[in-house]
Amino acid sequence: MSSPDAFAPGNVVDLARRIAGLPRIGNRWLVAVAGAPAGGKSLLAGMITAAVNAAGRPARAIPMDGFHLDNGLLEARGLVARKGAPETFDAQGFVHMMHRLKQGGEVVYPLFDRSRDLAVAGTASIEAECDVAIVEGNYLLFGEDPWQSLKPLWDLSVWLDTPEEVLRGRLLQRWLDHGHTPDEALARAERNDLPNARRILAGRLEADVTFAADDIRV
């Protein structure tokens, strides 16, 4: 895609039809859904995936979060307090998996269990006959190594634009829902999550399509 498009509310279906109409090429199409933490990426990716399937094309949503480094490794590296930052993921492993996805065939991948705060290997798979992967994550359009090497792999990229005040409210609620006190929730949001969000925005690469957060109900 040569230039960004702005999609109005309701055009998830239009975007899905555009994806479903891509020619069958023998391997797999990769669609990136990127944005800040708590921006609504999982919901948007799920909506797009459901609409692509409804349009008659097999698609699966694949989250990046399964590539979180384990807390034990983060402790050894002094990075526990920065969990969610780019350096707290197995970035090279994720890039490698995206190359495997692109080639087609069955691919098994890990998922992140938020209730246990850890990634679980071998939790999900994309079938060989599924020729569209809707990949969602914070760093899919991020201009630092090795993340920026992902950009040429995306056949279509979507950026979800969410104002910081909306992110703050969602992040606070996320940590409260996980049993943290209001002070603890605020500290996690202000000291880690929001700095990560600002870093993502500062290093953002251009997307083919942009959705505003107001277009997505969460």
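In this report, we go over the structure that sits alongside the text. (Residues numbered from 1 in each chain as written. Predicted model: local features only at pLDDT ≥ 70, side-chain atom pairs only at ≥ 80, totals over all residues. Heavy atoms only, no water.)

1. Description of the environment of A20
Here comes step 1: Position of A20 relative to the elements: it lies in helix α1 (residues 12-20).
Here comes step 2: Classification of A20 as buried rests on a relative accessible area of 17%.
Here comes step 3: Between the C-alpha atom of A20 and that of H99, which follows or precedes it by 79 residues, the distance is 21 Å.
Here comes step 4: In contact with A20, other than residues within four places in its own chain, are V52, A55 and R57. (Helix = DSSP H or I, 4+ residues; strand = E, 2+ residues; numbered from the N terminus. Buried < 20%, exposed > 50% of the residue type's maximum accessible area, 1.4 Å probe, protein only. Contact = heavy atoms within 4.5 Å.)

2. A closer look at the nonpolar core
Here comes step 1: F94, M98, L101, L140, W147, L150 and W154 are the most contacted members of the largest nonpolar core, which totals 31 residues.
Here comes step 2: Elements that contribute at least two residues to this core include exactly β2 (29-35), α4 (91-103), β4 (107-113), β5 (118-126) and β6 (132-137).
Here comes step 3: Top contributing element to this core by residue count: α4, with six residues.
Here comes step 4: Each residue touching L140, except ones within four places of it in the same chain, is listed here: A32, V33, A34, M64, F94, V135, L150 and W154.
Here comes step 5: Counting 21 residues, the second largest nonpolar core, distinct from the first, contains W29, L44, I48 and V132. (Core = buried A, V, L, I, M, F, W, Y, C linked by side-chain atoms within 4.5 Å.)

3. Observations regarding the layout of surface pockets
Empty space left among the atoms is revealed by rolling a probe the size of a water molecule over them.
Here comes step 1: In this structure, the largest pocket spans a volume of roughly 890 Å³.
Here comes step 2: Lining the largest pocket are 35 residues, with H68, R114, R174, W175 and D193 positioned closest to its centre.
Here comes step 3: Broken down by secondary-structure element, the contributors of at least two residues to the lining of the largest pocket are α2 (41-54), β6, α5 (164-177) and α6 (182-202).
Here comes step 4: Of the residues forming the lining of the largest pocket, the biggest block, six residues, is contributed by α6.
Here comes step 5: Grouping the amino acids of the lining of the largest pocket by side-chain chemistry returns eleven nonpolar, 13 polar and eleven charged. (1 Å grid on protein atoms, 1.4 Å probe; cavity = no way out; pocket = protein on both sides within 12 Å on 5 of 7 lines; lining within 4 Å. Points joined across faces, edges and corners; volume = space filled by probe spheres on them. Nonpolar A, V, L, I, M, F, W, Y, C, P; charged D, E, K, R; others polar.)

4. What about the packing of α5 against α6?
To describe two helices that pack against each other, one gives the angle between their axes and the distance between the axes.
Here comes step 1: Viewed as axis vectors pointing N to C, α5 and α6 meet at an angle of 135°, and their least axial separation amounts to 9 Å. In terms of axis orientation, α5 runs oblique to α6. The crossing of α5 and α6 is right-handed. Judged by residue contacts, E164, L167, R168, L171, L172, W175 and L176 of α5 engage P182, A185, L186, R188, A189, E190, D193, L194, A197 and R198 from α6.
Here comes step 2: Grouping the amino acids of the contact of α5 with α6 by side-chain chemistry returns eleven nonpolar, no polar and six charged. (Axes fitted to C-alpha atoms, helices over the stretch in contact; angles between N-to-C directions. Parallel < 35°, antiparallel > 145°, perpendicular 65-115°, else oblique. Left-handed = near helix turned anticlockwise from the far one by under 90°.)

5. Quick look at the packing of aromatic side chains
Here comes step 1: Enumeration over the complete set of coordinates arrives at six aromatic pairs.
Here comes step 2: With a centroid separation of 6.1 Å and 85° between ring planes, the pair formed by F89 and W147 is classed as edge-to-face. Pair noted here: F89 is in the loop between α3 (71-76) and α4 and W147 is in the loop between β6 and β7 (156-161), with a separation of 58 residues, a long-range link.
Here comes step 3: W147 gets classed as buried once you look at its relative accessible area, which sits at 3%.
Here comes step 4: On the basis of an interplanar angle of 40° and a centroid distance of 5.3 Å, the ring pair of Y139 and W147 is categorised as tilted.
Here comes step 5: The class for Y139 is buried, based on a relative accessible area of 0%.
Here comes step 6: Taken together, the ring pairs in this structure connect F67, F89, F94, Y139, F142 and W147 into an aromatic cluster.
Here comes step 7: In this structure, R188 packs its charged tip against the face of W175, placed 4.4 Å from the ring centre. (Phe/Tyr/Trp six-rings, centres within 6.5 Å; stacked < 30°, edge-to-face > 60°. Lys NZ or Arg CZ within 6 Å of the ring centre and 35° of its normal.)

6. A word on unusual backbone geometry
Working note: non-glycine residues mostly have negative phi, and peptide bonds are mostly trans.
Here comes step 1: The omega angle of the peptide bond from D145 to P146 is -5°, so this bond is cis rather than trans.
Here comes step 2: Phi is positive for A38, close to 70°, though the residue is something other than glycine.
Here comes step 3: Positionally, A38 belongs in the loop between β2 and α2.
Here comes step 4: Although it is not a glycine, D117 adopts a positive phi angle of roughly 60°.
Here comes step 5: Checked against the element boundaries, D117 lands in the loop between β4 and β5.
Here comes step 6: Exposure remark for D117: the relative accessible area of 32% places this residue in the partly exposed category.

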